[in-house]
Each structure stands twice: as structure tokens, then as C-alpha cells.
Amino acid sequence: MLMRALFLAVSLTSLFGCVVNPVTGKNELGWVGTDTQIQIGEKNYVPAQQMQGGQYKVDKGLTEYVNGVGQRLARHAPIDLPWEFVVLNNSVPNAWAMPGGKIAVNRGLLTELSSEAELAAVLGHEVVHAAARHGAQGMERGMLLQGALIAAAIGTRNQEYAGAVLGGAQLAAGLVTQKYGRDAERESDYYGTRYLAQAGYDPQAAVTLQETFVRLSEGRKSSWLEGLFASHPPSQERVNNNRALVKTLRAEGFKGGELGKDRFAAATAQIRRDAAAYAAYDAAREAAGKKQYDVAAEEAGKAIRLQGAEAQFHGLRGDIRRLQGRHDDAITNYDRAIAQDDAYFGFYLGRGISRSKSGARDAAKQDFNRSVEFLPTAIAYTELGKIAEAEGNASAAARYYEAASGAPGAAGQQAMQGLVRVDLPRQPNKYVRAELARGAKGEVLLKVTNTTPVTLVDIQVNVQLRWAVTGEQAFGRRIDALAAGRSALVALPLRNDELIGGNAYTVAARSQ
Ligand SMILES: [Zn+2]
């Protein structure tokens, strides 16, 4: 028994390897090393930001300020990561950390805090998630959400694009929406508060922060539930733990420490002044999601009147005009948005669709290509596929459609239909599987399967049979129609001879 347990332990170790947790100093099984974590963070940081609203840019000093506070904290983490802290243009109160030290905090969380020390408590907690490999542990345990679940979890403010995020970017979504578990949260609270004190802040801020969270969770604002509460459930236990730790820290000699209330108030003054503008923006997004375009346009107009320098407000007005079919107006609004912020995928994606509808094919193509540089979506690749198809470039169209076909939901479905349309005539056997089988009574059957999500008609299959005495026999079979995913069985004529081989091959098919 002991030998077996030992053997198991050894084989697990060789599979996973052993890593030292930089924060706790303990050995743990794992295979995602520091270099890999840094690579993952660098690759996924931008797409994760993009799908959550992009960076906040009206007051560029705010990100500099938050990054400064974050760096002050990160200096006390026991591992040297390429730390980065950004402010996301998102009203949901949330913060997250990616492996490799890439951290983000939402505009909507900053307006709920009352001091720089509370901000530092949030960032310290996130620093520990990254330093203590909590994201890497989630990957090692295969805990990341997949596909359709992610679409629901991202909570992108733009519901039109939810579910259309592709491939690698789905990993980004999984990384920022994962739940770490109670032990990891406790670890992050504990060490985060220690770094807070070491950085010269009053650790009491970690207590008031948790108290704020508990109070707000009792109010059950729905945006809180989809934000920080989903991944960091607040509780009285966390408040009590932090309180006990503050006592310990005081006993260890961490007296005083600063709160930085005035500095924090000055740094966040702009987003507090613009609160009404963002409330109108959020209301407009929600109305647009319900196809109430007049209400949406009115709220978007209000947001723009209150803060004309916010690119997202102009982009939203572009989205509304586009959804109303007013493509010239939409393009004008997207132009304004891009003039203020040239690094958000949604402006290019929206303008590309409107340009495409207006017949400006080359300009649309540029926009779609630019949008996928920031965030690859099935919508952009499907649109690029449509343009290539219209230009008669079937192989390019097939490549684009294929790239988009992996997305869950309607976006992937539409791409698959495009792929079948352009690629089916070129390689029908890839989409319609033909095979020979023996029936129960020894009869020879032709089984034809439509592997696509669309109905196919006029399916032509060539059959070749090899008989022991009479030799090769070739003939064709036609199937009128076959629904998506369905198979047809066709009995083939038998000879008074022994069948020793054969094959079947689809040579033509059309989508309906
Ligand atoms: Zn956490």
C-alpha cells in the first residue's frame, strides 16, 4: 500500500513537476512556471481589457495614478513580475489579476472607494493572486470556463458581441472570470494586507474595504453581483480575519500608515464628476440591447452632452445608428470615437459593418482587420469572409469562415454556413461523409452523412466495389436531400460473387 502511494506520488510529481509558491514559500505540484505565466499574461492582457470595455482614457492621469499605487504595492511581493495596472472603462465594480502580474481595476470600483489605502488594499489582494500563482493553479486544475459559459460570464457591456469572442481570446475571458476558491481568497487577503502595511499604508483600510463590500452586497445591486462579488464573495468572516491581522501587524510595529484620502479624491475627481454621464451611457446600452433604439439614442445623447471627450459614448451612438440602419450617421459617430480612442476593437468592428453596408468594401476590410488585432471575433472574420466571397476569392473566404466557425452560438453558426457555401463545391467529401457497410443480412449498404449544420441537396456519391471474380464495378448514387447532421442508408445491389473491397466518395453536393 505504501509502495503504491509512493509510486503514485512520484508519477504525479514527474507529470506536474514541483514548484515553489513565491508567496507562501511552500512546495506545490504544478507545471505552469513563471515564464509561462508571464507569456500568458502578456498575450491575454489586451484581449481581456478589450472585452471588458477597453481602457479608461478621458483622464489619462487616472491610469498613471493607479499604476503608481500598484507598483508601490508590488515592490513588496516576493517575485519580480512585469507588473502592470490599468483602469478599465466599465461601470461594474470589479478588479482582476492575470498570471504574470497583469492587473486591471474597473472605473466602477474606483468610485466606490474612499481612500488611496483602500485602492491599495484592492490592488494588494490582486497582486497576491498573481504572485501566488492562483491563476496558474486554476489552469492546472482545468478550472477555466469554456465556450458558451464564458460568453455569459464576460458580461461584456455590448451584448451584440457576447459569445463572438474567438479562440485564444476565450482563454483571456476564462482567466479573468475564474473563481479561485476560499483558500486562495484568504491567502490574498492575508498577504495583500501585509504588503499594504509594508508599503506604508494604514492596514485598517483593508477592514473598511471589506466592510464596504459587505454593506454593498446586502444592498444587492445587480452590477455588484456580476462583478467583484462573483469572484470575491464578501463576508463577515473576511472582515473579522482582516481585523485580527491588523492587530497582529500593529503588534509587529506597523503603526499609523497613511490613508491618502485627499490624493485619492483628486485622482478620481473626473470619474466622480462624470458619474451621471456613465449612468446615461449604461442605460443607453441596456436599451439598445432591448432594441429600444429611441430611448438608447436619447440616453447616448445625454451622455455625450455631459462628457463629449468619452470615445465610448460616440461609439455607442454609432452602434445605435448602425442597428437602425442609418449607416452614414453611424460612420460619422465611429469616426469621432476613433479620433478620441484609436485602440478599441468595437469602433472598428461597428464602422466596418456600416462601411460594408454602404458598399465601401476596401475601407470595411481595413476596419475588420484592425478590429481583430485588438480582439478576434467571429463577427469580424465572418464579415471578412463575406467580402472575400463577394470578390470571388473562395479560398480566402473559406479561411475566414473557418476561423470564425469555432465560436459558440449564432456567430459560429453563420460562419459555418458561409464555409459550407464556399468550400462545399471545392471539397464535398470533407463535408459529406460516404462509407460502405454491411447490413444484417449481408447486404452492402452505402451510408452518407451530412456533417454540416445546414441541409444539403443533390448529393452525388461515386461507389467503387471490388468483386473476387467479376472485378471492379463503379457506379453513382444520388441523394435528393439530407438534413443537418443526418445520415442516409442506401442498399446497393449484390452480385452472385464475393465482395472483397470497395470505397465511396462524395463528388458533389449543394447547400440549400
Ligand atoms: Zn480575490
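Residues numbered from 1 in each chain as written. Predicted model: local features only at pLDDT ≥ 70, side-chain atom pairs only at ≥ 80, totals over all residues.

**Q** Explain the overall build of the protein chain to me, please; I cannot follow it from the model alone.
**A** When its secondary structure is counted, the protein chain shows 25 helices and 11 strands. Out of the 512 residues belonging to the protein chain, those deemed buried represent 46%. In the protein chain, the proportion of contacts linking residues at least 24 apart, taken out of those at least 6 apart, comes to 67%. (Helix = DSSP H or I, 4+ residues; strand = E, 2+ residues; numbered from the N terminus. Buried ≥ 20, exposed ≤ 12 C-beta atoms within 10 Å, placed from the backbone. Contact = placed C-beta atoms within 7 Å.)

**Q** Would you take a moment to explain the pairing of strand β6 (residues 432–438) for this structure?
**A** Within a regular strand, side chains alternate between the sheet's two faces. Judged from the 7 bridges that link them, β6 and strand β7 (residues 444–450) form a sheet pairing that is antiparallel. Bridge pairing in β7 links Ala434 to Val448. From the end of β6 to the start of β7, which pair antiparallel, there are 5 residues, and Gly442 there has a positive phi angle of about 85°. (Pairing = 2+ DSSP bridges.)

**Q** Please clarify how the sheet that holds strand β11 (residues 499–511) should be interpreted in this entry.
**A** Ordered in space as β9-β8-β11, the 3 strands form an open sheet in which the pairing is antiparallel. The open sheet has two edge strands, β9 (471–482) and β11, and neither has a second partner. With direction set aside, neighbouring strand axes in the sheet form an average angle of 15°. The pairing of strand β8 (residues 456–467) with β9 spans 11 bridges and is classified as antiparallel. Within β9, the residue paired with Gln460 across the bridge is Arg478. (Axes fitted to C-alpha atoms, helices over the stretch in contact; angles between N-to-C directions.)

**Q** Whenever I open this one, the nonpolar core confuses me. Can you help?
**A** Proteins that are soluble and globular tend to have nonpolar side chains buried together. With 110 residues, the main nonpolar core has Ala120 and Leu196 as its most contacted residues. Top contributing element to this core by residue count: helix α5 (residues 116–131), with 10 residues. Sequence-distant contacts of Ala120, that is, excluding residues within four places in its chain, are made with Val69, Leu73, Leu196, Ala199, Tyr201 and Ala205. Within the second largest apolar cluster, 13 residues are counted, among which are Tyr278, Ala280, Phe313 and Leu316. (Core = buried A, V, L, I, M, F, W, Y, C linked by C-beta atoms within 7 Å.)

**Q** How do you make sense of helix α3 (residues 60–74) when you look at a structure like this?
**A** In an α-helix, one turn spans 3.6 residues; hence positions three or four apart end up facing the same way. The end-to-end C-alpha distance of α3 is 21 Å, a good match for the 21 Å that 15 residues give at a rise of 1.5 Å each. If you check which residues of α3 are buried, you get Leu62, Tyr65, Val66, Val69, Gly70, Leu73 and Ala74. Summarising the contacts, the buried residues of α3 are in contact with β3 (84–88), β5 (102–106), α5, α9 (182–198), α14 (261–267) and α15 (269–273). (Expected span 1.5 Å × (residues − 1).)

**Q** It is not clear to me how the confidence of the model for the protein chain should be interpreted in this structure. Could you clarify?
**A** Reading fine detail from the predicted coordinates is not recommended where pLDDT is low. Looking at the protein chain as a whole, its pLDDT mean stands at 88, while 89% of the residues score no less than 70. Overall, residues 1–14 carries pLDDT values under 50, and its contacts beyond four positions in sequence, including any with other chains, amount to 3 contacts. When the criterion is pLDDT under 50, residues 147–158 qualifies, and its contacts beyond four places in sequence or with other chains add up to 31 contacts. (pLDDT = per-residue confidence, 0-100.)

**Q** How should I be thinking about helix α23 (residues 394–404) in this particular structure?
**A** Buried within α23 we find Ala397, Ala398, Tyr400, Tyr401, Ala403 and Ala404. Along its buried surface, α23 packs onto α22 (378–390) and α24 (409–423).

**Q** Explanation requested: the packing of α5 against α9 in the structure shown.
**A** As a packed pair, α5 and α9 sit with axes 8 Å apart at the nearest point and diverge in direction by 125°. Compared by their axis directions, α5 and α9 come out oblique. The interaxial crossing formed by α5 with α9 has right-handed handedness. Residues Ala117, Ala120, Ala121, Gly124, His125, Val127, Val128 and His129 of α5 form the contact with α9, whose participating residues are Glu187, Ser188, Asp189, Tyr191, Gly192, Thr193, Tyr195 and Leu196. Looking at the contact of α5 with α9, its residues break down into 8 nonpolar, 6 polar and 2 charged. (Parallel < 35°, antiparallel > 145°, perpendicular 65-115°, else oblique. Left-handed = near helix turned anticlockwise from the far one by under 90°. Nonpolar A, V, L, I, M, F, W, Y, C, P; charged D, E, K, R; others polar.)

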